[in-house]
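Residue-level listing of the chains:
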Amino acid sequence: MKLYTYWRSSTAYRVRIALNLKGLAWEPIAVNLATEQNLAPAFTAVNPQGLVPALLLDDGRLLVQSPAILEYLEERWPEPPLLPADREQRATARALASTVACDIHPLNNARVLRYLKRDLQSTPADCDRWYRHWIAEGLRAFEALLGPDDGSPFCCGSAPTMADICLVPQLYNARRFGCPLDMHARLVRIEQTCLALPAFAQAAPESQPDRF
């Protein structure tokens, strides 16, 4: 499989983690978002949205949108699972993942920030305030949805799930934009547990070849 990716894209980061957790072989194809390579005809011919990630399967079919790719990987390669065995816990893991993928990230991704700066003429300070506001709102909700702290190492039990796969890249972004995390000790603890796993560490932005 080939993954169209960018080292600092949190959505591509999610898919890299999932591919690694599943133990699957994949080849990165770098798409430079900083230079807007994703908007060039060569890439929009691949994905009309001009977004990463996009996963090219061995049979030539292309999958887009990280939540859909995560669900595909879970259905196609169910072991090790990315969702808990308990039905209600599976719903919780999906809800937590959606809190990041549907509520936090879309308000703060590169094209939104670009629109704020270029089209709405927002100042850098205004853009930073925008970003930090939605990060704070989203992480507060995420932590509340976790429920009482039972000491579990991950968001939903004793193994990483889609919730952790979405949380870790979002915390990376939060730090990148100077968002305070000292009030989220539980989330940081879960993040550190995840990053101790090779699947997460190898997917980290700093470990990607296109970073250089």
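Structural notes, computed from the coordinates. (Residues numbered from 1 in each chain as written. Predicted model: local features only at pLDDT ≥ 70, side-chain atom pairs only at ≥ 80, totals over all residues. Heavy atoms only, no water.)

1. Some remarks on helix H7 (residues 162-176)
Definition in use: Elements are defined by DSSP. Helices are runs of H or I of four residues or more, strands are runs of E of two residues or more, and each kind is numbered from the N terminus. Given the number of residues in a helix, its expected span is that number minus one, multiplied by 1.5 Å. The buried label goes to any residue with under 20% of its type's maximum accessible area, the exposed label to any with over 50%, and the partly exposed label to all in between, with areas taken from a 1.4 Å probe on protein chains only.
Taking 1.5 Å per residue as the helical rise, H7 with its 15 residues ought to reach 21 Å, and the 22 Å between its terminal C-alpha atoms agrees with that figure. Burial runs high along H7: 13 of the 15 residues are buried. Once H7 ends, the next one or two residues include Gly178, with phi positive near 70°.

2. Observations concerning the sheet that holds strand E2 (residues 27-30)
Condition: Any two strands with at least two DSSP-identified bridges between them are counted as paired. Under this scheme, a helix contributes an axis fitted over its contacting stretch, all axes are lines through C-alpha atoms, and angles between N-to-C directions fall in the 0 to 180 degree range. Contacts were defined at the residue level, with two residues in contact if any of their heavy atoms lie within 4.5 Å.
On the basis of which strands lie adjacent, the open sheet formed by four strands has the order E2-E1-E3-E4 and mixed pairing. Both outer strands of the open sheet, E2 and strand E4 (62-64), are each paired with one neighbouring strand and no more. Neighbour-to-neighbour, the strand axes of this sheet turn through a mean angle of 25°, independent of strand direction. Two elements, strand E3 (residues 54-56) and E4, share three bridges in a ladder whose sense is antiparallel. By the bridge assignment for E4, Leu56 is matched with Leu62. Along the sheet, helix H1 (residues 10-21) makes contact with strand E1 (2-5) and E3, crossing E1 at roughly 155°.

3. A short note on the environment of Tyr131
Looking at the element boundaries, Tyr131 is found in helix H6 (residues 124-146). Linking Tyr131 and Leu113, residues 18 residues apart in sequence, is a C-alpha distance of 8.4 Å. Beyond its immediate chain neighbours, meaning those up to four positions away, Tyr131 contacts Asn108, Leu113, Gln170, Asn173, Ala174, Phe177 and Cys179.

4. Looking at the nonpolar core
Note the following rule: Among buried residues, the Ala, Val, Leu, Ile, Met, Phe, Trp, Tyr and Cys ones that are joined through side-chain atoms within 4.5 Å form a nonpolar core.
Of all hydrophobic cores here, the largest spans 61 residues; its most connected members are Leu19 and Cys155. Considering each element in turn, this core owes the most residues, nine residues, to H7. Those residues in contact with Cys155 that lie beyond four places of it in its chain are Leu96, Phe142, Leu146, Ala163, Asp164, Leu167 and Ile190.

5. With respect to unusual backbone geometry
In this model, Val52 is joined to Pro53 through a cis peptide bond whose omega is 5°. Tracing the backbone shows Pro53 in the loop between helix H2 (41-44) and E3. Note the cis peptide between Glu79 and Pro80, where omega equals -10°. Looking at the secondary structure, you find Pro80 in the loop between helix H3 (66-76) and helix H4 (87-108). Not every positive phi belongs to a glycine, and Glu36 is a case in point at roughly 60°. Relative to the helices and strands, Glu36 is located in the loop between E2 and H2. According to the relative accessible area criterion, Glu36 is partly exposed, its value standing at 23%. Phi is positive for Gln121, close to 60°, though the residue is something other than glycine.

6. Some points on the packing of H1 against H3
The following threshold applies: When describing relative orientation, an angle under 35 degrees is termed roughly parallel and one over 145 degrees roughly antiparallel, while 65 to 115 degrees is termed roughly perpendicular and anything else oblique. Three residue categories are used. Nonpolar comprises Ala, Val, Leu, Ile, Met, Phe, Trp, Tyr, Cys and Pro, charged comprises Asp, Glu, Lys and Arg, and polar comprises the others, including Gly.
Between H1 and H3, whose axes approach to 9 Å, the crossing angle comes to 5°. Put simply, H1 runs roughly parallel to H3. Residues Thr11, Arg14, Val15, Ala18 and Leu19 of H1 lie in contact with H3, whose contacting residues are Ser66, Ile69, Leu70 and Leu73. Here the residues of the contact of H1 with H3 sort into six nonpolar, two polar and one charged.

7. Quick word on the environment of Pro48
Mapped onto the secondary structure, Pro48 falls in the loop between H2 and E3. Residues Pro48 and Arg175, 127 residues apart in the sequence, show an inter-C-alpha distance of 30 Å.

8. A closer look at the packing of aromatic side chains
Note the cut-off: What counts as a ring pair is set by centres within 6.5 Å for rings of Phe, Tyr and Trp (its six-membered ring), and what kind of pair is set by the plane angle: stacked under 30 degrees, edge-to-face over 60, tilted for all other angles.
On inspection of all chains with the given rule, the structure shows six aromatic pairs. The interplanar angle of 55° and the centroid separation of 5.6 Å between the aromatic rings of Tyr4 and Phe43 together place this pair among those described as tilted. A residue pair is termed long-range when its members are at least 10 positions apart, and Tyr4 in strand E1 and Phe43 in helix H2 qualify at 39 residues. The exposure class of Phe43 is buried, given its relative accessible area of 5%. Ring plane angle 70° and centroid distance 6.0 Å describe the contact between Trp130 and Trp134, whose orientation is recorded as edge-to-face. Of this pair, Trp130 and Trp134 both sit in helix H6, four residues apart, which is roughly one turn of the helix. A residue is classified by how much of its surface remains accessible, and Trp130, at 31% relative accessible area, is partly exposed.

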